[in-house]
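One-letter residues, chain by chain:
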Amino acid sequence: SKTKNHILKLLFKNRNDYISGQKISDEIGCSRTAVWKHIKELENEGYTIASVHKRGYKLIDAPDQLSEAKIYAGLTTKTLGHHLVYQDEIPSTQKKAQHLAEDGAEEGTVVLADEQTSGRGRLGRSWHSPKGTGIWMSLIIRPDIPIHKAPQFTLLTAVAVVKAVKHVTGLDCEIKWPNDILYKGKKFVGILTELQAEAADVKAIIVGIGINVNAAIDDFPEELKDIATSLRAEAGTAFDRAELIQEILKAFEDLYKSYMDEGFGLIKLLWESYAISLGRQIYARTANGTVVQGLAQGINDEGVLLLKDKDGKIHKIYSADIEISSQ
Ligand code: BTX
């Protein structure tokens, strides 16, 4: 209920201190008995709340259950995520966000789910999105830019995720152009950037982010066991998904502002500092099956990968799967 979410938000805000039942009831405008009832309900949902006579309530521990209230409680963004659509189960947050964007959803809308039953990757591939262990979310943004710049948002997103992961877990991960984030060569993040356009202008960009946070490798489907990982598997400890979501949204919003004010420069620099493929021999396989082999030189100002083949010719790679050659 709304009141319960509100109480939860107050508890999160005052995490380091007790907040009196009276204060809660004043702020929310309900009776102290109602507050007490909601606190009991929260305890039944797995929250640990200390309640001390004359001092009030204090949040001790929260279950790693996603909810709107939990995300809102620690959200430090100006607008991103303030309109949050959360569902326990959904076919795909990306699909839902596409519909919402078509219906005019405001910039900064975020769709989040605890489980996706048909998560999508690029080129019709699927994205494994089991219940309760990952972050499956799609952001709707409406930058006033020409469509050829939209792929830059894949790179912006990757930088935001790398920064947030470092902040919350301490792990240094790497970006593989264009949209994978790896830890020690194994993928734990996928990014899918889609576009709604009118003539040559962007109407909306839908940024899908999938992150394996607390999944155990043993629970991965067979085909992912050798190529995929999760933050918990790498760090040996579980993480609070809500905290990671809050950090990603904050990092994204900051980079987005930098992008709109000053262009792609800062993001390009950061991206290159996290990229593994640069300066190495790679194979790029494009959607029509062509393979280009060459030295990854860098990205240009549009986020396009530049490959130098053995004859010294520079190829612009707009979209491809890349493989890093071992030699
Ligand atoms: P991609 O096409 O680059 O990667 C898809 C490939 O990654 C799959 O073919 C498979 O080999 C591998 N894979 C599938 N699931 C996982 C996983 N959980 N962890 C690691 N590897 C995996 C990447 O596409 C873009 C994925 C975006 C997912 C988000 S989740 C929120 C939003 N909603 C939605 O439906 N998609 C996006």
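K.L.:
Which residues make up the sheet that holds strand S7 (residues 134–141), and what are the values?
P.N.:
Spatially, S3-S4-S7-S11-S10-S9-S8 is the arrangement adopted by the seven strands of the open sheet, whose pairing is mixed. The open sheet has two edge strands, strand S3 (84–90) and strand S8 (174–176), and neither has a second partner. For this sheet, the mean angle separating the axes of adjacent strands, direction not counted, is 20 degrees. In this sheet, strand S11 (residues 201–212) lies alongside S7 in antiparallel orientation, the contact comprising eight bridges. Paired with leucine 139 across the two strands is valine 207, which belongs to S11. Here helix H8 (residues 241–262) sits on the sheet in contact with strand S4 (109–116), S7 and S11, set at roughly 30 degrees to S7.

K.L.:
Run through unusual backbone geometry, naming residues and quoting values.
P.N.:
Proline 178 follows tryptophan 177 through a cis peptide bond whose omega is -5 degrees. Examined against the element boundaries, proline 178 turns out to sit in the loop between S8 and strand S9 (180–183). Despite not being glycine, lysine 184 shows a phi value in the positive range, around 45 degrees. For lysine 184, a relative accessible area of 68% translates into the label exposed.

K.L.:
Please provide a residue-by-residue account of the domain arrangement of the protein, values included.
P.N.:
With domains assigned, the protein is organised as domain 1 (2–61), domain 2 (68–274) and domain 3 (281–324). Here the C-alpha centroids of domain 1 and domain 2 sit 32 Å apart. Of the residues lining the interface, five residues belong to domain 1; the matching set on domain 2 comes to four residues. Note on domain 1 versus domain 2: buried area summed over both sides is about 440 Å², and carbon and sulfur give 75% of it. It is Asn5, Lys9 and Phe12 that lose the most area in domain 1 upon contact with domain 2, and together they represent 74% of the buried surface on that side. There are zero salt bridges connecting domain 1 and domain 2. Taken together, the links from domain 1 to domain 2 amount to zero residue pairs in polar contact (both at pLDDT 80 or more).

K.L.:
How would you summarise the nonpolar core if you had to cite specific residues and measurements?
P.N.:
Core analysis: the biggest nonpolar cluster contains 67 residues, and Met137, Ile211 and Phe252 have the highest contact counts within it. Looking at which element gives the most residues to this core, the answer is helix H6 (residues 152–169), with 11 residues. Inspection of this core shows a minimum of three residues originating in each of domain 2 (68–274) and domain 3 (281–324). When neighbours within four sequence positions are excluded, isoleucine 211 is seen to be in contact with Gly134, Ile135, Trp136, Val161, Phe188, Val189, Leu231 and Ile248. Ranked by size, the runner-up nonpolar core spans 19 residues in total, among them Leu11, Cys30, Ile49 and Ala62.

K.L.:
Describe the pattern of salt bridges, with residues and values.
P.N.:
By the definition in use, this model includes 16 salt bridges. Note that glutamate 45 is salt-bridged to lysine 4, the shortest N-O span being 2.5 Å. Placement of the pair is glutamate 45 in the loop between helix H3 (32–44) and strand S1 (48–52) and lysine 4 in helix H1 (residues 2–13), with a sequence separation of 41 residues. Using a relative accessible area of 40% as the deciding quantity, one classes glutamate 45 as partly exposed. A residue is classified by how much of its surface remains accessible, and lysine 4, at 13% relative accessible area, is buried. For lysine 40, the salt bridge goes to glutamate 43, with nearest N and O atoms at 3.1 Å. Of the two residues, lysine 40 and glutamate 43 are both situated in helix H3; the distance of three residues between them amounts to about one turn of the helix. Each of the salt bridges in this network shares a partner with another, and the network as a whole consists of Lys4, Glu41 and Glu45.

Parameters at a glance
- Counting from 1, residues in each chain are numbered in the order their sequence is written.
- With pLDDT at 70 or above as the cut-off, local features in this predicted model cover only qualifying residues; side-chain atom pairs require 80 or more to be listed or tallied, and sums for whole chains, interfaces and linings still use all residues.
- Hydrogens and waters are ignored; side-chain quantities use all the structure's heavy atoms.
- Should DSSP find at least two bridges between two strands, the strands are taken to pair.
- Only DSSP runs of H or I covering at least 4 residues are called helices, and only runs of E covering at least 2 are called strands; the numbering of each starts at the N terminus.
- Whenever a helix is involved, its axis is fitted only over the stretch in contact; in every case the axis is a line through C-alpha atoms, and angles between N-to-C directions fall within 0 to 180 degrees.
- Contacts between residues were defined by any pair of non-hydrogen atoms, one from each residue, lying within 4.5 Å.
- The rule is simple: take the accessible area with a 1.4 Å probe, protein chains only, and divide by the maximum for that residue type; under 20% is buried, over 50% is exposed, in between is partly exposed.
- What fixes the domain bounds is an automatic or database domain assignment.
- Simply put, the buried area is the total loss of 1.4 Å probe accessible area from both parts when two parts are fitted together.
- Whenever Lys or Arg places a side-chain nitrogen within 4 Å of a carboxyl oxygen from Asp or Glu, that contact is recorded as a salt bridge.
- N or O atoms within 3.5 Å of each other form a polar contact, as long as, within protein, one can give a hydrogen and the other can take it, and as long as residues adjacent in sequence are counted only when both atoms are side-chain atoms.
- In plain words, nonpolar cores are sets of buried Ala, Val, Leu, Ile, Met, Phe, Trp, Tyr and Cys residues tied together by side-chain atoms within 4.5 Å.

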